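Observations on chain architecture
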Amino acid sequence: MGGYENGDSPAAAAWEGGVILGVDGGTTSTVCVCLPAAMPPPEAPGSVAVLSRAIAGCSNRNSVGENAALETLEQVMMQALTTANTDRSAVVAVCLSVSGVNHPSDQQRMLDWICNLFPGNAKFYVENDAVAALASGTMGKLHGCVLIAGTGSIAYGVTEDGKVARAAGAGPVLGDWGSGYGIAAQALTAVIKAHDGRGPQTNLTRDIIRKLEISSPDELIGWAYADPSWARIAALVPVVVSAAEDGDKVANTILHDAVQELAESVVAVVRRLTLCGEDGKDQFPLVLVGGVLEGNKKWDISGEVIKCISKVFPGVCPIRPEVSMRTNIRCYEIFAILWGLNILRLWTVWWNLQLVRRC
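Definitions and limits used
- Residues numbered from 1 in each chain as written.
- Predicted model: local features only at pLDDT ≥ 70, side-chain atom pairs only at ≥ 80, totals over all residues.
- Heavy atoms only, no water.
- Pairing = 2+ DSSP bridges.
- Helix = DSSP H or I, 4+ residues; strand = E, 2+ residues; numbered from the N terminus.
- Axes fitted to C-alpha atoms, helices over the stretch in contact; angles between N-to-C directions.
- Contact = heavy atoms within 4.5 Å.
- Salt bridge = Lys/Arg side-chain N within 4 Å of Asp/Glu carboxyl O.
- Buried < 20%, exposed > 50% of the residue type's maximum accessible area, 1.4 Å probe, protein only.
- Expected span 1.5 Å × (residues − 1).
- Phe/Tyr/Trp six-rings, centres within 6.5 Å; stacked < 30°, edge-to-face > 60°.
- Lys NZ or Arg CZ within 6 Å of the ring centre and 35° of its normal.

- Labelled according to an unreviewed UniProt entry, the chain appears under the name N-acetyl-D-glucosamine kinase, originating from Aegilops tauschii subsp. strangulata.

1. Some words on the sheet that holds strand 10 (residues 316-319)
- The strand order across the open sheet built from 5 strands is 8-7-6-9-10, with neighbouring strands paired in mixed fashion. The outermost strands of the open sheet, each flanked by one partner alone, are strand 8 (164-168) and strand 10. Pairwise comparison of adjacent strand axes, ignoring direction, gives a mean angle of 20 degrees for this sheet.
- Pairing of strand 6 (residues 144-149) with strand 9 (residues 284-289), which is carried by 4 bridges, proceeds in the parallel orientation. Within strand 9, the position partnered with Val146 by the bridge is Val287.
- Its contacts with the sheet put helix 10 (residues 249-273) on strand 6, strand 7 (153-158), strand 8 and strand 9, and the angle it makes with strand 8 is roughly 160 degrees.
- Packing against the sheet, helix 11 (residues 301-312) makes contact with strand 6, strand 9 and strand 10, and its axis sits at approximately 155 degrees to strand 9.

2. Focus on the pattern of salt bridges
- Within the structure shown, the criterion is met by 7 salt bridges.
- When the shortest N-O distance is used, the salt bridge between Glu66 and Arg109 registers 3.3 Å. Of this pair, Glu66 sits in helix 2 (residues 66-83) while Arg109 sits in helix 3 (residues 104-117), placing them 43 residues apart in sequence.
- A residue is classified by how much of its surface remains accessible, and Glu66, at 30% relative accessible area, is partly exposed.
- By relative accessible area, Arg109 is classed as partly exposed at 35%.
- Glu304 is paired through a salt bridge with Lys307; the nearest N and O atoms lie 3.4 Å apart.

3. With respect to helix 5 (residues 180-196)
- An ideal rise of 1.5 Å per residue puts 24 Å on 17 residues; helix 5 measures up with 24 Å between its terminal C-alpha atoms.
- Taken residue by residue, helix 5 has Gly180, Gly182, Ile183, Ala184, Ala185, Ala187, Leu188, Ala190, Val191 and Ala194 as its buried positions.
- Buried residues along helix 5 sit in contact with helix 6 (203-212), helix 7 (220-226), helix 8 (230-234), helix 9 (237-245) and helix 10.
- Positive backbone phi, approximately 90 degrees, marks Gly197, located one or two places after helix 5.

4. A word on the packing of aromatic side chains
- Counting across every chain of the model gives 2 aromatic pairs.
- Both rings, one in Phe118 and one in Phe124, keep their centres 6.4 Å apart while their planes meet at 35 degrees; by these two values the pair is tilted. Here Phe118 and Phe124 have matching classes, each one buried.
- Seen in terms of ring centroids, Phe284 and Phe313 are 6.1 Å apart; in terms of plane orientation they differ by 80 degrees. Their pairing is edge-to-face. Of this pair, Phe284 sits in strand 9 while Phe313 is found in the loop between helix 11 and strand 10, placing the two residues 29 residues apart along the sequence.
- Positioned above the aromatic ring of Trp223 is the side chain of Arg232, whose terminal nitrogen or guanidinium carbon lies 4.0 Å from the ring centre.

5. Considerations on unusual backbone geometry
- Located in the positive-phi region is Ala168, a residue other than glycine, with phi close to 65 degrees.
- Relative to the helices and strands, Ala168 is located in strand 8.
- Judged by its relative accessible area of 34%, Ala168 falls in the partly exposed class.

See the structure below:
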């Protein structure tokens with residue numbers, strides 16, 4: 001997905017036929033790519049020609065509020081269009097795949113908003129980011145289960161005939177304890193309990209104080225409430241993992257609890273949809289996405305989650321979407337989003353019409 005500096009990518013000359021925007025909106029960051037509509041469907045995900053790419057902050061309305069989330073989405077889309085040397089009048093389709101879209105009413109509010117942002121005949125699609133995450137591992141085929149464990153967590157599944165189910169994804173107030181926020185919040189609580197004498201001593205106290213550059217656990221209260229951002233809390237996960245790897249019992253208990261929570265979310269979705277077949281042994285894809293599940297650390301959270309799930313459903317087939325070393329994002333995620341939500345089918349039809357007209 002390289003070669004798109006300031007609209008000078010190999011595909012930059014093709015935007016006159018209109019552009020498509022794909023947005024992956026999360027609690028930590030939001031990514032938008034701008035694709036040319038006037039091009040044939042690519043032979044492989046890695047060959048998708050990208051006009052531009054833009055990154056902004058959190059677009060989860062439940063974390064930063066609806067107004068701030070919409071401002072971020074508008075910012076990242078306008079930045080992508082500007083970098084591609086085009087504007088909103090060229091947009092023929094937009095796919096928003098955003099965390100915090102949990103109900104049809106959420107979708108409708110966002111659709112109403114984006115229709116005003118891009119007046120005209122553009123097509124709009126709004127889904128939870130779990131849909132994009134699933135598509136990113138299954139080459140756009142919306143079938144199977146996805147587990148996201150980043151700042152937040154969610155398990156989401158789709159059957160071949162379109163039935164859907166989800167578990168978790170309810171935010172920190174309602175208990176995303178397998179998420180990055182959940183892991184870090186439990187670590188902070190453990191530090192406070194140890195300081196109060198209500199819990200066992202832990203190296204997390206020393207490590208978190210050092211990481212936050214504060215002098216004592218008493219200062220954690222002010223730090224924790226100074227900024228409501230969920231991502232800010234979740235950023236402490238590497239400290240917890242490091243402490244667990246060094247043998248800290250409290251940190252290890254927190255991670256084991258997180259593994260159990262994540263595995264139970266997947267098991268709940270797979271059972272509700274019977275993705276494993278009637279006998280529980282059929283194979284099904286499980287896409288693993290999110291910072292908590294990435295990396296080959298000694299304390300391998302994703303590996304432990306798969307072990308737990310495999311005990312219940314031996315047919316689970318874990319998939320970790322490809323990550324571009326250059327951009328540090330899944331190099332075909334947005335392609336998969338668009339394919340899974342039918343925009344690339346629209347793209348194919350549009351291209352074929354151009355060929356007919358040229359003949």
